[in-house]
Every structure is written in structure tokens, then in C-alpha cells.
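Each chain is listed here by its residues.
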Amino acid sequence: MRILTPAGTAGVAVVAVTRDEMQAAGAELVLPSGGTWQVANSAVTLARLVVRGQVLDEVLAVPRGDVVELHPHGSPAVLEVLRATFLCQESVSSPAAELLRDAMSPEQFDLAAEQLGYDFEIELARLERLPLDQRDRARQLARERSRVALAHCVPVRVVLIGAQNAGKSALFNRLLLRARALAGPVAGLTRDPIHERTVLAGYPYELVDTAGECGEGEAASVDARAIAVGRALRAGALTILVVDGSAGGLAFDRELAAKASLVVANKADLGDAEWPSWLPCHARISAVQQDAAHLRGVIGGLLRALRNLPPAGPVGGVAALRASDMDRL
Ligand SMILES: Nc1nc2c(ncn2[C@@H]2O[C@H](COP(=O)(O)OP(=O)(O)OP(=O)(O)O)[C@@H](O)[C@H]2O)c(=O)[nH]1
Ligand SMILES: [Mg+2]
């Protein structure tokens, strides 16, 4: 079986299965009439994909000579089942092949394609053979390439923090290009953290929207619990403090800012209140007025600079795509 659509979630996927693979898996395509669709049939048909008596999915069956193209639902879960059923032929023997298969962005894809041309084990052996004075330098360069390559592979958690109503959920939705979180003028709207993956400036992130802070003593017990859960997620993560720039910084923003990776002044469209001197400001934004591509560029660029990463894409030489391989350099 070959998966013909790119990795990721989509409404529909396209996979190619040969007649032999269908037979070996005990799979058949059952028509609405109850009959069985044959690969030799020429018509495109809606059918149920049944494997050993179990219905896996409803698919569109498209005949392509000796191969049938199946159009099942595009969720990764459905594809996982199909992979297991038809013993997917794609080679996932190397981390580069895995990255190529699951690439979330053109940059990840380009890096994966570049790394497929290299063999990490051969490179390790080559490094071993280098004269001592060159080896350290070559290792250092390979480690730096690997740091960048791993940044393409391992999503870093970025937690949005800040006061209730500052616009965290509005920004979260913009960065994800869809209305994933509820956003609105009611303070304390977000309770449970929401985790979503996205790619910003070519690097993958796990974005987390969390419950907004409110002053000590003001939090109802349900707020306090939600706030505590959100705080726990900050450990080991990058944090973006969102401040309502039209209202100015609040007292507790000082404490949040001290540990935040970035501070953004939101609601720039509503004008600027006085910005406290103790509060840094890395960008002035408007989560509702500015378009998503612009905001993704701004936040992605700030994160990239913060992490000292070059423009995303190929790294110009062999690199580790697994943290454990990085350790071997
Ligand atoms: N004018 C304007 N309104 C904004 C902007 N960003 C957010 N808002 C509005 O501010 C209100 C609060 O936004 P949310 O994103 O829900 O705020 P939050 O920080 O997630 O709030 P909590 O979930 O309570 O912590 C909503 O009505 C948004 O539409 C902005 O840039 N400009
Ligand atoms: Mg919110």
C-alpha cells in the first residue's frame, strides 16, 4: 500500500492498494447493494472497506489498472489502521524517512529530503577517522546542524499566559488559523488548557492556551484550580505573556514577565495605555485586527530569534534527527 496524500489530518486521504495486497489482507469492498466491488470494475464507487468481516471505513474506490485507489477518511487514526492492515510498503527505516512521511511543513519536508541523502552511521565513522585537530571542529558543526535539525523534529511547548481577557485565546486561534478556543469578553472564559500543534516560521510548536490570571484573592475556586493547572504546564516550556496593551500592565504581570520568554502587547487597535517601564515588550499586536499570516510571522520570528535558530529548511550536512543520535556526536 502506498499513501498518496501528504501527512497530517485531512477530510479525505488517498491510498493505492494492489489486488494482491487486498487479497492477502482478506479485504473486500462491499457495495451499498451488498455485492462486492472488483478492481477490474471501471466505475468509481462508494463502498465499505471490509477486512475479515470488520468494516474499517467507507471509501471511494477508484480503479487504476491493477491497483485500486481508496479514498478513505483522512484522519491519521484511519491511516494507521490501513497501514497495519495492508502492511504499508513505505520505508520508515530511518528518522529522515519518518520525517518525510509525517512532515508538517515544506521546511520539514525539505530537511527530510536533504537528510535522506546522508547516512548518519557513515558520518560518525568518517568523524572517527579525522585527524584529532579537525575532528572536534567537525563534531561541533555536526552538533550545531543537529540542534537545528532537531528543532524541526521536536515541537517545543509554548504556553500563552497572562491576565484574563488579555486576548490569549484570540491569539491562540489566530496562530492556529482556526477558532479552536473560545474567546470572548467574559473574564475567565478559558479553563482547561488546550494543546495544539502548529508550525511557526518553519519550526513546529505545541501551543498551549491556558486560563488567565487574576489578582490574588479574586480568583473563585474554579478559577484558582484552572490557573494552577495552567501554571504547571509552564515548566520546561517557552512562555508568551500576553498583556492588554490598551489597559497597560497589571501588578501581577511583573511577576509573570520575570519568567516569560516573550511579552506581547495585544489590542494595539484600541490604542496604547502607558506601558510600565518594568515590563519588556517584544511586539505590539492586535489578535483580532491583524491577519493570521502576519501574526504567525511575528510570533514565529520572535521564537526563532529567541532560540537562535536560522531560517528553517535544509541544514547543509548530515545531522541527527533523533535526540539519542545527537548524544553520539
Ligand atoms: N479590539 C481587540 N479586541 C481583542 C483583541 N484580542 C482579543 N480581543 C478581545 O478581547 C476579549 C478577550 O479575548 P480572549 O482571547 O478570550 O482573552 P483571554 O486572554 O483568552 O481570556 P481568558 O480566557 O479569560 O483568560 C475578546 O472579546 C476578544 O475578542 C485585540 O487585539 N483587539
Ligand atoms: Mg482564553
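Position numbers for residues start from 1 in each chain and track the written sequence from start to end. Chains carry letters and ligands carry numbers; both start at the beginning, A for chains and 1 for ligands, and go up in the order they are written. Local features in this predicted model are restricted to residues whose pLDDT is 70 or higher, and side-chain atom pairs enter the listing and the counts only when it is 80 or higher, whereas totals over whole chains, interfaces and linings include all residues. With hydrogens and water set aside, each side-chain value is computed from the structure's full complement of heavy atoms.

Considering the overall build of the chain
Each helix is a run of DSSP H or I of at least 4 residues and each strand a run of E of at least 2, with the numbering of both proceeding from the N terminus. For the chain, the helix and strand inventory stands at eleven helices and 13 strands. Taking 329 residues into account, the globule formula puts the C-alpha radius of gyration at 20 Å, and the chain, at 25 Å, lies well above it. Reported as C-alpha extents along the three principal axes, the dimensions of the chain are approximately 75 × 65 × 35 Å. Burial statistics for the chain: of 329 residues in total, 47% are counted as buried. Note on definitions: a residue-residue contact is assigned when non-hydrogen atoms from the two residues lie within 4.5 Å. A fraction of 57% describes how many contacts in the chain between residues 6 or more apart in sequence connect residues 24 or more apart. Accessible surface for the chain amounts to roughly 16,500 Å². Of this, 53% is attributable to carbon and sulfur atoms. What the globule rule says is 2.2 Å times the number of residues to the power 0.38, and the radius of gyration is computed from C-alpha atoms. Three exposure classes are used, based on accessible area relative to the maximum for each residue type with a 1.4 Å probe and protein chains only: buried under 20%, partly exposed in between, and exposed over 50%. Every accessible area reported is derived by Shrake-Rupley at a probe size of 1.4 Å, with residue values counting cover from the shown protein chains alone.

Digging into the site of ligand 1
Summary of the distance rule: residues count as near a molecule or strand when at least one heavy atom falls within 4 Å of that molecule or strand. With respect to spatial proximity, 23 residues lie near ligand 1, and among them Lys 168, Ala 170, Gly 188, Thr 190 and Asp 269 are the closest. In this structure, a nitrogen atom belonging to ligand 1 sits 3.0 Å away from a side-chain N or O atom of Asn 266. Ala 287 is positioned such that a nitrogen or oxygen atom in its backbone is 2.9 Å from an oxygen atom of ligand 1. Contact with the protein chains covers 89% of the free accessible surface of ligand 1, which is 650 Å². Among the elements that line the shell around ligand 1, the one with the most residues is helix α7 (residues 168-176), at three residues. Any pair of nitrogen or oxygen atoms within 3.5 Å is treated as a polar contact; in protein, a donor-acceptor pairing is required on top of that, and neighbouring residues in sequence qualify only through side-chain atoms on both sides.

Considering the sheet that holds strand β9 (residues 194-200)
Here we have six strands laid out as an open sheet, ordered β9-β10-β8-β11-β12-β13, and mixed in their pairing. In this open sheet, the two edge strands, each paired with only one partner strand, are β9 and β13 (283-284). Think of it this way: DSSP has to see at least two bridges between two strands before they count as a pair. Sheet analysis places strand β8 (residues 156-162) next to strand β11 (residues 238-244), joined by five bridges and oriented parallel. Within the sheet, the bridge partner assigned to Val 158 lies in β11 and is Leu 238. Angles shown run from 0 to 180 degrees and are taken between the N-to-C directions of axes, each axis being a line fitted to C-alpha atoms and, for helices, limited to the stretch in contact. Across the sheet, helix α9 (residues 251-259) lies against β8, β11 and β12 (262-266), angled at about 150 degrees from β11, the strand it touches most.

Digging into the domain arrangement of the chain
Boundary definitions for the domains trace back to an automatic or database domain assignment. Domain annotation for the chain reports domain 1 (2-86) and domain 2 (92-329). The distance between the C-alpha centroids of domain 1 and domain 2 comes to 38 Å.

A word on the pattern of salt bridges
A side-chain nitrogen of Lys or Arg and a carboxyl oxygen of Asp or Glu constitute a salt bridge if their distance falls within 4 Å. Under the criterion given, the structure shown has 17 salt bridges. Notably, a salt bridge pairs Glu 196 with Arg 180, separated by 2.7 Å at the nearest N-O pair. You can see Glu 196 sitting in strand β9 and its partner Arg 180 sitting in the loop between α7 and β9, a full 16 residues away along the chain. A residue is classified by how much of its surface remains accessible, and Arg 180, at 34% relative accessible area, is partly exposed. It is possible to trace a salt-bridge network through shared partners that takes in Glu 121, Asp 325 and Arg 328.

Topic: unusual backbone geometry
Residue Leu 177 is not a glycine yet carries a positive backbone phi of 65 degrees. Position of Leu 177 among the secondary structure elements: in the loop between α7 and β9. Not every positive phi belongs to a glycine, and Asn 308 is a case in point at roughly 55 degrees. Along the polypeptide, Asn 308 turns up in the loop between α10 (292-306) and α11 (323-326). Taking the relative accessible area as the measure of exposure, Asn 308 reaches 58% and is therefore exposed.

Regarding the coordination of the magnesium ion (ligand 2)
Coordination of the magnesium ion (ligand 2) by the protein comes from Ser 169 (OG) and Thr 190 (OG1), over a distance range of 2.0 Å. Within this pair, whereas Ser 169 is found in helix α7, its partner Thr 190 is found in the loop between α7 and β9, the two being separated by 21 residues in sequence. Given a relative accessible area of 13%, Thr 190 falls into the buried group. Any nitrogen, oxygen or sulfur atom within 2.8 Å of a metal ion counts as a donor, with the limit raised to 3.2 Å for Na, K and Ca, and since water is left out, coordination shells can look unfinished.

Overview of α7
Every α-helix carries 3.6 residues per turn, so stepping three or four residues along brings you back to the same face. Burial within α7 is extensive, with eight of its nine residues counted as buried. By the burial criterion, the buried members of α7 are Lys 168, Ser 169, Ala 170, Leu 171, Phe 172, Asn 173, Leu 175 and Leu 176. On its buried face, α7 is in contact with β8, β9, β10 (203-209), β11, β12 and α10. At the exit of α7 stands Leu 177, carrying a positive phi of roughly 65 degrees.

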